[in-house]
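The residues making up each chain are set out below.
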Amino acid sequence: MTPTITAFADSPGRGRGLARDIRVRWALEEVGQPYGERLLSFDELKAPAHRAIQPFGQIPTWEEDGLVLFESGAIVLHIAGRHPGLLPGEAHARSRAICWMFAALDTVEPPIFERSLATVLERDEPWFAARLSVLDARVRQRLGELLRRLGNADWLDGDFSAGDLLMASVLARLEGSGLLGGYPNLAAYLLRGKARPAYQRAYAAQFAVFLRSRSAKDPAAN
Ligand code: GTB
């Protein structure tokens, strides 16, 4: 059965690869698994029918053969565990790749997400500049640590894996912040991830949703 994922019907991010369904789309494209999408309005996200699937009223989710999952990382792990291409076959290497998946979501993403939230929600506060410099410092610390481990390698541990997929999707949120400029190897790492044909297809699919929603609202826009 073809899996169905959920995504924003009308993404505040304008389909530019930031909403977290991009991770699931990217993983599916990497392994060549076709999928369907169910697009949800903000009201539908918070309605009981969706909360029965995603307790926090968020996207993305996964439905396939009676299995319902939420949390983008868990969904990517599910995909990676069932198809070749995103996790190494050798047991130790596989565990290390999963370790990088958790590092992306649990260690690197929180300060980046916090910073990004502040730039949206706290921008007009009188103390915003001071707060931003604290948040920038926390992000820089993680970027420095990540860079030291990556060095000149293409990927975090051998071949491209689900760990790189999640790490690149986390770093993508820093684009436009100017912070990656201080870490050229990380900027190149992100570009390498985004240059993958599977990412390009995933991005195009998310962006297509935005274009459709825009033309539904304003047929003259396209
Ligand atoms: N830990 C969960 C996961 O990884 O699946 C987090 C899921 C999550 O944060 N989903 C967000 C959501 O549904 C969308 S991705 N938010 C609606 C809500 O909570 O009410 C976060 C996001 C939102 C918007 C943009 N953007 O506009 O660019 C980018 C990313």
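Residues numbered from 1 in each chain as written. Predicted model: local features only at pLDDT ≥ 70, side-chain atom pairs only at ≥ 80, totals over all residues. Heavy atoms only, no water.

Visitor: Please clarify how the side chain of aspartate 21 should be interpreted in this entry.
Guide: Relative to the assigned elements, aspartate 21 resides in helix H1 (residues 21–31). Here the side chain of aspartate 21 touches glutamine 206 through a polar contact of 3.1 Å, side chain to side chain. What aspartate 21 contacts, discounting residues up to four positions off in sequence, is Thr6, Ala7, Ile59, Pro60 and Gln206. (Helix = DSSP H or I, 4+ residues; strand = E, 2+ residues; numbered from the N terminus. Polar contact = N/O pair within 3.5 Å; in protein donor to acceptor, adjacent residues only side chain to side chain. Contact = heavy atoms within 4.5 Å.)

Visitor: Please clarify how the packing of aromatic side chains should be interpreted in this entry.
Guide: Where two aromatic rings form a pair, the distance of their centres and the angle of their planes describe that pair. A full pass over the atoms with the stated rule returns nine aromatic pairs. For the ring pair tyrosine 199 and tyrosine 203, a centre distance of 6.1 Å and an interplane angle of 45° mean the geometry is tilted. Of the two residues, tyrosine 199 and tyrosine 203 are both situated in helix H9 (residues 197–217); the distance of four residues between them amounts to about one turn of the helix. For tyrosine 199, a relative accessible area of 6% corresponds to the buried category. Each residue in the set Trp26, Trp155, Phe160, Tyr189, Tyr199, Tyr203, Phe207 and Phe210 is aromatic and connected to the rest through ring pairs, giving one cluster. (Phe/Tyr/Trp six-rings, centres within 6.5 Å; stacked < 30°, edge-to-face > 60°. Buried < 20%, exposed > 50% of the residue type's maximum accessible area, 1.4 Å probe, protein only.)

Visitor: Just to check I follow, could you spell out helix H5 (residues 91–121) for this structure?
Guide: Note: α-helices contain 3.6 residues per turn, so residues at a spacing of three or four share the same orientation. For H5, with 31 residues, the first-to-last C-alpha span of 43 Å sits near the 45 Å given by 1.5 Å per residue. Where H5 starts, the residue carrying a side-chain oxygen 3.2 Å from the main-chain nitrogen of histidine 92 turns out to be glutamate 90. (Expected span 1.5 Å × (residues − 1).)

Visitor: I tried to follow the site of the ligand on my own but got confused; where do I start?
Guide: For the ligand, the set of nearby residues contains 15 residues, the closest of which are Arg20, Lys46, Glu71, Ser72 and Arg173. Taking glutamate 71, its side chain carries an N or O atom lying 2.6 Å from a nitrogen atom of the ligand. For the ligand, whose unbound accessible area comes to 670 Å², protein coverage reaches 79%. (Near = heavy atom within 4 Å. Areas by Shrake-Rupley, 256 points an atom, 1.4 Å probe, with all protein chains shown as cover.)

Visitor: Honestly, a nonpolar patch on the surface in this entry has me stumped. Any pointers?
Guide: Together, Leu117, Val120 and Leu121 line one region of the surface with nonpolar side chains, adding up to about 300 Å² of accessible area. Considering the arrangement of structural elements, one finds leucine 121 in helix H5. Its relative accessible area of 60% is what places leucine 121 among the exposed residues. (Patch = residues over 30% accessible without salt bridge, like charges linked within 9 Å, V, L, I, M, F, W, Y side chains within 5 Å. Salt bridge = Lys/Arg side-chain N within 4 Å of Asp/Glu carboxyl O.)

Visitor: What's the story with the pattern of salt bridges in this structure? I'm lost.
Guide: Oppositely charged side chains can form a pair if their charged atoms are brought close together. Counted according to the given criterion, the structure contains 16 salt bridges. Across the pair arginine 25 and glutamate 37 runs a salt bridge whose closest N-O atoms are separated by 2.7 Å. Of the two residues, arginine 25 is situated in helix H1 and glutamate 37 in strand S2 (residues 36–40); the sequence distance between them amounts to twelve residues. Overall, the relative accessible area of 1% leaves arginine 25 in the buried class. Taking the shortest distance from any N to any O, the salt bridge between aspartate 154 and arginine 192 comes out at 3.7 Å. Of this pair, aspartate 154 sits in the loop between helix H6 (128–150) and helix H7 (162–171) while arginine 192 sits in helix H8 (residues 184–194), placing them 38 residues apart in sequence. Members of the salt-bridge network, linked through shared partners, are Asp21, Arg25, Glu37 and Arg212.

Visitor: Before we go on, may I ask you to explain helix H4 (residues 72–82) in this structure?
Guide: Within H4 the residues assigned to the buried category are Ser72, Gly73, Ile75, Val76, His78, Ile79 and Ala80. Residues of H4 that are buried sit in contact with H1, strand S3 (61–64), strand S4 (67–70), H5 and H7.

Visitor: Explanation requested: the packing of H1 against H4 in the structure shown.
Guide: Two quantities define a packed helix pair, namely the angle between the helix axes and the distance between the axes. Direction vectors running N to C along H1 and H4 enclose 10°, while the axes themselves pass 9 Å from each other. By the angle between their axes, H1 is roughly parallel relative to H4. Seen from H1, the contacting residues are Arg23, Val24, Ala27, Leu28 and Val31; seen from H4, they are Ser72, Ile75, Val76 and Ile79. Of the residues belonging to the contact of H1 with H4, the class tally is seven nonpolar, one polar and one charged. (Axes fitted to C-alpha atoms, helices over the stretch in contact; angles between N-to-C directions. Parallel < 35°, antiparallel > 145°, perpendicular 65-115°, else oblique. Nonpolar A, V, L, I, M, F, W, Y, C, P; charged D, E, K, R; others polar.)

Visitor: Would you take a moment to explain the nonpolar core for this structure?
Guide: Across soluble globular proteins, nonpolar side chains show a tendency to be buried alongside one another. Ile79, Leu86, Leu143, Met167 and Leu171 are the most contacted members of the largest nonpolar core, which totals 48 residues. Elements supplying a minimum of two residues to this core: H1, H4, H5, H6, H7, H8 and H9. Apart from residues no more than four positions distant in its own chain, isoleucine 79 is found in contact with Val24, Ala27, Leu28, Val31, Trp62 and Leu86. Counting five residues, the second-largest nonpolar core is a separate cluster that includes Ala19, Leu40, Leu45 and Ile59. (Core = buried A, V, L, I, M, F, W, Y, C linked by side-chain atoms within 4.5 Å.)

Visitor: In this structure, what is going on with the sheet that holds strand S1 (residues 4–8)? I would like to understand it.
Guide: Paired through their backbone hydrogen bonds, the strands of a sheet run either parallel or antiparallel. Strand order in this open sheet of four strands is S2-S1-S3-S4, and the pairing throughout is mixed. A strand with exactly one partner marks an edge of an open sheet, and here the two such strands are S2 and S4. On average, each strand axis in the sheet is tilted by 25° relative to the strand beside it, whichever way the strands run. Bridge count between S3 and S4: four bridges; the pairing is antiparallel. Bridge pairing links glutamate 64 to leucine 67 in S4. (Pairing = 2+ DSSP bridges.)

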